[in-house]
Amino acid sequence: MQFSDIKKQEQQNMMPAYARFDIAIVEGNGVVAKDSEGKTYLDFTSGIGVNALGFCDASWIEAITKQASALQHVSNLYYQPVQTALAQRLCELSGFSKVFFGNSGAEANECAIKLARKYSTDQYGKKRNKIITLVNSFHGRTVTTLSATGQDSFHQYFYPFTEGFVYAQANDIKSVESFVGDETCAVLIEMIQGEGGVMPLDMQFVRELEALCQKHDILLIVDEVQTGMGRTGTLFCYEQYGIHPDVITLSKALGGGLPIGACLCTERLGTVLSSGMHGSTFGGNPIACAGALSILERVADSDFLKQVAEKGVYIQRKIADMEDVAEVRGMGMMIGIVLKNGTAKDVAVKCLEKGLLVLTAKTLIRLLPPLTITYEEIDRGLTILADVIKEVQA
Ligand SMILES: *Cc1c(COP(=O)(O)O)cnc(C)c1O
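Residues numbered from 1 in each chain as written. Predicted model: local features only at pLDDT ≥ 70, side-chain atom pairs only at ≥ 80, totals over all residues. Heavy atoms only, no water.

Draft legend 1. Representation of the pairing of strand β2 (residues 32-35). Here β2 shows a buried face lined by Ala33 and Asp35 and an unburied face lined by Val32 and Lys34. The sheet contact formed by strand β1 (residues 25-29) and β2 spans four bridges and is antiparallel. Across the sheet, residue glycine 28 finds its bridge partner in β2, namely alanine 33. With three bridges connecting them, β2 and strand β3 (residues 40-43) associate as antiparallel partners. Pairing of alanine 33 across the sheet is with tyrosine 41, part of β3. (Buried < 20%, exposed > 50% of the residue type's maximum accessible area, 1.4 Å probe, protein only. Helix = DSSP H or I, 4+ residues; strand = E, 2+ residues; numbered from the N terminus. Pairing = 2+ DSSP bridges.)

Draft legend 2. Spotlight on the packing of helix α10 (residues 302-320) against helix α12 (residues 375-393). Two elements in contact, α10 and α12, have axes whose closest approach is 11 Å; the angle formed by their N-to-C orientations is 25 degrees. Here α10 lies roughly parallel to α12, going by the angle between them. Between α10 and α12 the crossing geometry is right-handed. Only Tyr375, Ile378, Asp379 and Leu382 of α12 make contact with α10, whose side of the interface consists of Glu310, Lys311, Tyr314, Ile315, Lys318 and Ile319. (Axes fitted to C-alpha atoms, helices over the stretch in contact; angles between N-to-C directions. Parallel < 35°, antiparallel > 145°, perpendicular 65-115°, else oblique. Left-handed = near helix turned anticlockwise from the far one by under 90°. Contact = heavy atoms within 4.5 Å.)

Draft legend 3. Representation of the packing of aromatic side chains within the structure. Following the criterion strictly, the structure yields seven aromatic pairs and no others. Each ring, one from phenylalanine 236 and one from tyrosine 238, has its centre 6.0 Å from the other, and the planes form 5 degrees; the classification is stacked. By relative accessible area, which is 7% here, tyrosine 238 ends up buried. An aromatic cluster of three or more residues is present, and its members are Tyr157, Phe158, Tyr159 and Phe161. Between the NZ or CZ atom of arginine 128 and the centre of the ring of tyrosine 124, over which it lies, the distance is 4.0 Å. For the cation-ring pair, lysine 345 lies above phenylalanine 21, with the distance from its terminal atom to the ring centre recorded as 4.7 Å. (Phe/Tyr/Trp six-rings, centres within 6.5 Å; stacked < 30°, edge-to-face > 60°. Lys NZ or Arg CZ within 6 Å of the ring centre and 35° of its normal.)

Below, the structure written as structure tokens:
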């Protein structure tokens, strides 16, 4: 089918919820995507941080096809060995004690929010249910995770939103302190605000935040949906800050392209959500879990993580050397680029024309390349990016 027909089909039959680029992707292999007209692209997006091992990784395909021919789904009324194996591996590798599986990042955060509120009301009574999140954060698109998202632009149209969220300034411990009260049950943060424009939190702020939470028995929840699974050069980004959150949430890269989300918690929170309090029809689906197990074995390897960190430094250095770049920031292979002039959207469109897929976040260009990208592919992509940035600035 030709692109024009695909576009027409979309416009006639789908809710216009997405602003899409004018191509349809039909195939992928490693870092290379192919569109409906046969044109190829270097992919520096990983499907927004999902395809950690690139398109159609061989060992991942083997894991999911093997599982699909054995058992595609079974309800959570029964035990299931792939799900339990993934839970065990996640706990072993992370040091967390218990896992709940959902299907997306928003759902993982919903679980974390329910867990925090349940814990706090169990311990301190019903009123202790407020959650502090950060201005400019992003936590998902459900009515509750939109509330958790600290951006006014997301708090429109869908009233009434879930109550009980307040927004403190990132990197300002005084601001967080000003919101802490008898009713505070949790603080929810991203270590690097992704959708908000690739803004890493300051080390000192994060350390002080952890101490503040411990002092008041406020749960520290880290949304690692985008930063987790090796993206920043460690299995989870919070490790680089030397903190120990009570709860973390994962999704995006966890399934390598299949929908899965996870909420992980420490020992003392392990039984807060008990029988009948939470659930999901598809959560912990065997095929998604088989895919996640294969991804986890690859990305948790220390040599693999080391090369992610090294490539991240290499990419960031090369971009910092580009003349028309004002700033490059991020960690590992989660990278944001501030332009001196010109809009990120224009750069993204021009890159696409020249065969490179990049993302934007606010006014930034954002790169989330597959973690398996080679130096040769990095160089090729960055050559295109440098040319386009120069052109757009001219
Ligand atoms: C993408 C993202 C989410 C939402 O994940 P969905 O799978 O789209 O629900 C939540 N938090 C962060 C930090 C994200 O980047």
